[in-house]
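Next come the chains, spelled out residue by residue.
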Amino acid sequence: MTLNDEAWSKYFKATPALQEIKKKGYTYVTANDLKELGEREARLMTKLDTLNSRPRIFEEKALTIFAVKNGEYIIFEDSGRKSYFEFGDQLEGIPVQRYDSRVDLRAFDSYPRGQSLNEAQAISFAFISSLLKTFTADENLRLTIRGRSYTGAFGFDLWELRHHVSVSSVQIEVDAGYESDDAIYLIEAKAGKNDSFHIRQLYYPYLEWSNRSRKNIVPIFFIYSNGKYYLTEFSFGKNFGDLEVVRKGCYTINESPKFTLSLSEFLRRVPEEEEPKELSIFNFALFGYNCPAVNALPGGTICLKRMFINANVQSADS
């Protein structure tokens, strides 16, 4: 049982919230009550960014939670899991394309060569290289939004529950927002893959900027993982939970999606006494492989999807 499991269990035992949800389909809670009755900070109890991060009782009762005011939330039934977008195997099915930067990234001393990028760095160099311009098919992108802010007033309808949710003064965060002559592109970025994400991360910024601008508001989910840039553009419909993929792409910048690795050279470089521990794993777990038989391989050259290997190995026989 996780700390969130324990906290939510304490809260629901101390309040009639579940009975109210069973009767009406929703209930409102405050941050103060969550902290007092759940004995845990509300910001930690309500950070349910993926399906896997939900507390057990939310899974069992098909519940979800959205902020509605600073310090107030609505919990409601979401049996269709419309609050989350599930990638499934979509990311793995996207063909990887090599993108050649329009500028020489080696000219930037701050470019972290050979290192994994964090979210901010990944977005920055996707923009500097013009990958974002290419993906959006918009040449006039200007960085105008970044960081946390508080919303104005907007709302959405839970049609199945016949309830209108009013939202105001809620904190949102946009990892990067680019404006052009005709559109505003709102980017939610993640370093590393997840199978799902809570739509609030894009939905609230989308609703906020739809109220503030007449331009086309374009939500984009951006993932950087193992040297690959995954971009997915979404479109929100009029009804809550209407979320469609407009386009998606997977790219490497200035590098081939595949590389050649000589196993014989790798085996030669690793000390013999370390082989059972190091080679049986060989960091294949980074992309889902476990290769216990690698010690038995005589060598040879194989092609693998690009990955970061934490070992002093160079591509050989090339």
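Small disclaimer: the values here were computed from a predicted structure and weren't measured.

Conventions we followed
Residues numbered from 1 in each chain as written. Predicted model: local features only at pLDDT ≥ 70, side-chain atom pairs only at ≥ 80, totals over all residues. Heavy atoms only, no water. Pairing = 2+ DSSP bridges. Helix = DSSP H or I, 4+ residues; strand = E, 2+ residues; numbered from the N terminus. Salt bridge = Lys/Arg side-chain N within 4 Å of Asp/Glu carboxyl O. Buried < 20%, exposed > 50% of the residue type's maximum accessible area, 1.4 Å probe, protein only. Polar contact = N/O pair within 3.5 Å; in protein donor to acceptor, adjacent residues only side chain to side chain.

**Considering the pairing of strand β14 (residues 243–253)**
At step 1: Bridge count for strand β5 (residues 96–99) against β14 is four bridges, and the pairing is parallel. Within the sheet, the bridge partner assigned to arginine 98 lies in β14 and is threonine 252.
At step 2: Here strand β13 (residues 228–236) runs beside β14; their pairing, made up of eight bridges, is antiparallel. Its bridge partner lying in β14, serine 235 is registered against glutamate 244.
At step 3: Connecting the antiparallel pair β13 and β14 is a turn made up of six residues, with glycine 241 showing a positive phi of about 90°.

**Details of the pattern of salt bridges**
At step 1: One pass over the structure, following the stated rule, counts 17 salt bridges.
At step 2: Among the salt bridges present, the one from glutamate 160 reaches lysine 82, with a minimum N-O distance of 3.5 Å. Of this pair, glutamate 160 sits in the loop between β7 (153–158) and β8 (163–168) while lysine 82 sits in the loop between β3 (72–77) and β4 (84–86), and the two are 78 residues apart along the sequence.
At step 3: Judged by its relative accessible area of 35%, lysine 82 falls in the partly exposed class.
At step 4: The closest approach of N and O atoms between glutamate 208 and arginine 212, which form a salt bridge, is 3.4 Å. Here arginine 212 and glutamate 208 lie together in helix α8 (residues 200–212), a separation of four residues that amounts to about one turn.
At step 5: Judged by relative accessible area, which is 53%, arginine 212 ranks as exposed.

**A closer look at the pairing of strand β2 (residues 63–69)**
At step 1: Of all seven residues making up β2, six are buried, and the element is well covered by its neighbours.
At step 2: Alignment of β2 against β3, held across six bridges, turns out to be antiparallel. Following the sheet pairing, leucine 63 is matched in β3 by glutamate 77.
At step 3: Where β2 folds back on β3, the antiparallel hairpin that results is connected by two residues, among which glycine 71 adopts a positive phi of roughly 95°.

**Topic: helix α6 (residues 119–128)**
At step 1: By the burial criterion, the buried members of α6 are Ala122, Ile123, Phe125 and Ala126.
At step 2: Its side-chain oxygen at 3.2 Å from the backbone nitrogen of alanine 120, asparagine 118 defines the N-terminal cap of α6.
At step 3: Count one or two residues on from α6 and you reach serine 130, which has phi positive near 75°.

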